[in-house]
Amino acid sequence: MSEILPVGFMALVGKSNTRKTKFMGNDVEIRKLSISDVDQLRTKSESLSDESLTDERKEDIGRDIMLTTLRVGVVGATELTEENLATFPLDDINALTKEIMVFSGLMEKEGKLR
């Protein structure tokens with residue numbers, strides 16, 4: 001038996017929830033990650049379990065995961081490059097990435113993954 005969806009449900013396809021948060025003393029708008037975004041991040045993070053990877057390669061993958069999270073999770077950051085990312089303080093970038101994960105329901109505020 002198929003479920004009847006509310007009228008206008010399809011109009012929500014591609015939309016996302018956003019909210020403002022602080023980053024380096026300024027307001028930025030973050031958005032909840034979509035299922036597609038989470039799948040993309042999961043695929044990248046699964047490669048970290050490869051025991052043959054060097055520590056350097058694992059760091060590269062970690063930076064790529066962070067960069068991807070920021071590109072999809074911060075409104076207006078789709079063009080963010082690794083060079084741009086390197087100009088920000090690490091603790092501020094980590095906090096913003098965590099905020100996106102918490103807002104998206106992937107992490108608890110205490111930093112535990114769900």
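Since we're looking at a predicted model, the values are computed, not measured.

(A) Main features of the packing of helix H2 (residues 55–73) against helix H4 (residues 90–103). Viewed as axis vectors pointing N to C, H2 and H4 meet at an angle of 60 degrees, and their least axial separation amounts to 10 Å. Judged by the inter-axis angle, H2 sits oblique to H4. Considering only the axes of H2 and H4, their crossing is left-handed. Contacts between H2 and H4 involve Met 66, Thr 69, Leu 70 and Gly 73 on the former and, on the latter, Ile 93, Asn 94, Leu 96, Thr 97, Ile 100 and Met 101.

(B) Region of interest: the pattern of salt bridges. Counted by the stated rule, this structure contains seven salt bridges. Residue Glu 99 pairs with Arg 19 through a salt bridge whose shortest N-O separation is 2.1 Å. Remark: Arg 19 occurs in strand S1 (residues 18–23) and Glu 99 occurs in helix H4; sequence separation between them is 80 residues. Its relative accessible area of 25% is what places Glu 99 among the partly exposed residues. For Asp 64, the salt bridge goes to Lys 44, with nearest N and O atoms at 2.7 Å. You can see Asp 64 sitting in helix H2 and its partner Lys 44 sitting in helix H1 (residues 35–46), a full 20 residues away along the chain. With a relative accessible area of 22%, Lys 44 lands in the partly exposed category.

(C) Structural detail: the layout of surface pockets. Estimated volume of the second largest pocket: approximately 160 Å³. The wall of the second largest pocket is formed by Gly 14, Lys 15, Ser 16, Asn 17, Arg 31, Lys 32, Leu 33 and Ser 34. Broken down by class, the residue content of the lining of the second largest pocket amounts to one nonpolar, four polar and three charged.

(D) The packing of H1 against H2, seen in detail. Where H1 meets H2, the axes come as close as 10 Å, and the angle between the chain directions of the two elements is 175 degrees. One finds that H1 runs roughly antiparallel with respect to H2. Taking contact as the criterion, the partners of Asp 37, Gln 40, Leu 41, Lys 44 and Ser 45 in H1 are, on H2, Ile 61, Asp 64, Ile 65, Thr 68, Thr 69 and Val 72. Taken together, the residues that form the contact of H1 with H2 break down as four nonpolar, four polar and three charged.

(E) Unusual backbone geometry, seen in detail. Residues other than glycine seldom take positive phi values, yet Met 24 does so here, at roughly 55 degrees. Tracing the sequence through the fold places Met 24 in the loop between S1 and strand S2 (26–31). Taking the relative accessible area as the measure of exposure, Met 24 reaches 43% and is therefore partly exposed.

Calculation criteria
- Residues numbered from 1 in each chain as written.
- Predicted model: local features only at pLDDT ≥ 70, side-chain atom pairs only at ≥ 80, totals over all residues.
- Heavy atoms only, no water.
- Axes fitted to C-alpha atoms, helices over the stretch in contact; angles between N-to-C directions.
- Helix = DSSP H or I, 4+ residues; strand = E, 2+ residues; numbered from the N terminus.
- Parallel < 35°, antiparallel > 145°, perpendicular 65-115°, else oblique.
- Left-handed = near helix turned anticlockwise from the far one by under 90°.
- Contact = heavy atoms within 4.5 Å.
- Salt bridge = Lys/Arg side-chain N within 4 Å of Asp/Glu carboxyl O.
- Buried < 20%, exposed > 50% of the residue type's maximum accessible area, 1.4 Å probe, protein only.
- 1 Å grid on protein atoms, 1.4 Å probe; cavity = no way out; pocket = protein on both sides within 12 Å on 5 of 7 lines; lining within 4 Å.
- Points joined across faces, edges and corners; volume = space filled by probe spheres on them.
- Nonpolar A, V, L, I, M, F, W, Y, C, P; charged D, E, K, R; others polar.

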